[in-house]
Every structure is written in structure tokens, then in C-alpha cells.
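# Topology and contacts: notes
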Amino acid sequence: MSEAPIPAIRALPSWIIGRAAARGRTLVAEALAAEGVKMWHHVVLSAVRDLAPVAQADLGRGVGLDPKDLVGVLNDLQAGGLIVREPDPRDRRKNAVSLTPRGEELLLRCEDAARAANEVLLAPLAAAERDRFTALLVRVAAGPDEG
């Protein structure tokens with residue numbers, strides 16, 4: 001990553017957070033790639049596990065993914081035998097998405113890989129600093145009305 005041209009910009013918290021986020025995304029993306037998974041695939045697998053069986057439209061809203069992009073991710077996951085799409089028992093006009101046992105196993109490996117990548121990201125901090133840093137980031141991300 002190249003540095004900003006002006007020291008004043010590099011000193012802005014928003015710049016520093018952006019750089020840390022980019023480093024974190026890179027580390028996690030590389031760890032997931034070792035499992036043969038892309039970032040959005042991991043996000044969707046995790047959401048399906050947490051919400052299943054979940055209507056495809058609800059899943060897209062839940063993860064903030066455009067419906068046509070979600071269909072592409074779901075097609076990839078289904079082709080890999082990681083999810084199944086079946087008629088939603090609550091509304092047979094919709095598809096409900098669930099993990100397969102293979103999808104559950106892959107998700108567990110991805111979660112381990114993502115945690116390890118975050119350990120690398122936060123390696124410069126002591127354990128107590130990591131906890132405090134994470135708590136502060138949650139407050140910053142929530143904004144003044146939610147924190």
C-alpha cells in the first residue's frame with residue numbers, strides 16, 4: 001500500500017482506519033483463498049448457518065448484497081455442494097437456503113482461517129489492548145446515536 005502524499009492526511013483517524021481495514025481484508029481474503037473461498041461466499045455461508053432455513057430475498061437483505069450478485073454467490077455455493085435451495089416451507093413461491101454438511105465443515109474452516117488472519121492483524125497489540133481496541137471500533141462504527 002502506498003502512503004498518502006501529505007502527512008496531515010496520514011494522521012487522520014479515518015485514513016488510519018481505512019488502511020487497517022484494507023490490511024485486515026487482505027489478510028482475511030488470503031486466508032479464505034487458501035480454503036478456496038471468496039469473502040462474499042464466507043459471508044453468505046455464515047448468514048445461512050445463522051438464519052437457515054432462510055428465504056433467498058431475506059438472506060440478500062440480511063447481508064446487504066444485491067439480489068443478482070447474491071444469485072451468483074448462491075449458484076457457486078450450490079455448485080460446490082455447500083448449500084441447498086428448496087421451496088420455503090412458509091411460502092412455497094420462495095426458495096429457502098440451508099447449509100449442507102459439507103458447507104458446515106467448510107464454514108468452520110473459514111471461521112478458523114478468518115480468526116487466524118485477525119490474530120495476525122492485531123499481533124502488535126497485547127490481549128487487553130485488542131479487547132479495548134475492538135470495543136472502541138464497535139462504538140466508532142455504530143456512530144453517535146447508537147453507541
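Residues numbered from 1 in each chain as written. Predicted model: local features only at pLDDT ≥ 70, side-chain atom pairs only at ≥ 80, totals over all residues. Heavy atoms only, no water.

Let's shift gears to the pattern of salt bridges. By the definition in use, this model includes eight salt bridges. For R49, the salt bridge goes to D50, with nearest N and O atoms at 2.8 Å. Taking the shortest distance from any N to any O, the salt bridge between R49 and E111 comes out at 2.6 Å. Of this pair, R49 sits in helix α3 (residues 39-51) while E111 sits in helix α6 (residues 101-121); the two residues are 62 residues apart in sequence, bridging distant segments of the chain. What makes R49 partly exposed here is its relative accessible area of 35%. In this structure, a network of salt bridges that share partners links the residues R49, D50 and E111. (Salt bridge = Lys/Arg side-chain N within 4 Å of Asp/Glu carboxyl O. Helix = DSSP H or I, 4+ residues; strand = E, 2+ residues; numbered from the N terminus. Buried < 20%, exposed > 50% of the residue type's maximum accessible area, 1.4 Å probe, protein only.)

With six bridges connecting them, strand β2 (residues 83-88) and strand β3 (residues 91-99) associate as antiparallel partners. The residue of β3 that forms the bridge with E86 is A96. Linkage of β2 to β3, two consecutive antiparallel strands, is achieved through a turn of two residues. (Pairing = 2+ DSSP bridges.)

Turning next to the nonpolar core. Counting 29 residues, the largest nonpolar core has V44, L45, L59, L74, L77, I83 and V97 as the members making the most contacts within it. The set of elements that each furnish at least two residues to this core consists of α2 (13-33), α3, α4 (56-63), α5 (67-79), β3 and α6. Top element by residues in this core is α6. It accounts for seven residues. For L45, the contacting residues outside a window of four places in its chain are L77, L82, I83, L99, L106 and L107. (Core = buried A, V, L, I, M, F, W, Y, C linked by side-chain atoms within 4.5 Å. Contact = heavy atoms within 4.5 Å.)

The next point concerns the pairing of β3. Sheet topology note: the strand β1 (residues 54-55)/β3 ladder contains two bridges and is antiparallel. Bridge assignment links A55 to a residue of β3, and that residue is A96.

Pairing is antiparallel across the open sheet formed by three strands, whose spatial order is β1-β3-β2. At either margin of the open sheet sits one strand with a lone partner, and together these are β1 and β2. Across the sheet, α5 touches β2 and β3, and the angle it forms with β2 is around 115°. (Axes fitted to C-alpha atoms, helices over the stretch in contact; angles between N-to-C directions.)

Between the first and last C-alpha of α5 there are 18 Å, a value that for 13 residues agrees with the 18 Å anticipated at 1.5 Å per step. Here α5 has its buried residues at L70, V73, L74 and L77. The buried side chains of α5 occupy one side of the element, clustering within an arc of 100° when seen end-on. What points out from α5, more than 90 degrees from its buried face, is the exposed set K68 and A79. The secondary structure elements touched by the buried residues of α5 are α3, α4, β2 and β3. Capping the start of α5, D66 holds a side-chain oxygen 3.1 Å from the backbone nitrogen of K68, two or three residues further along. (Expected span 1.5 Å × (residues − 1). Arc of directions from axis to C-beta. Polar contact = N/O pair within 3.5 Å; in protein donor to acceptor, adjacent residues only side chain to side chain.)

It is worth spelling out the environment of C110 at this point. Of note, C110 is situated in helix α6. Separated by 41 residues in sequence, C110 and D69 have C-alpha atoms that sit 21 Å apart. Dropping the residues within four chain positions of it, C110 is found in contact with L32, E35, V37 and H42.

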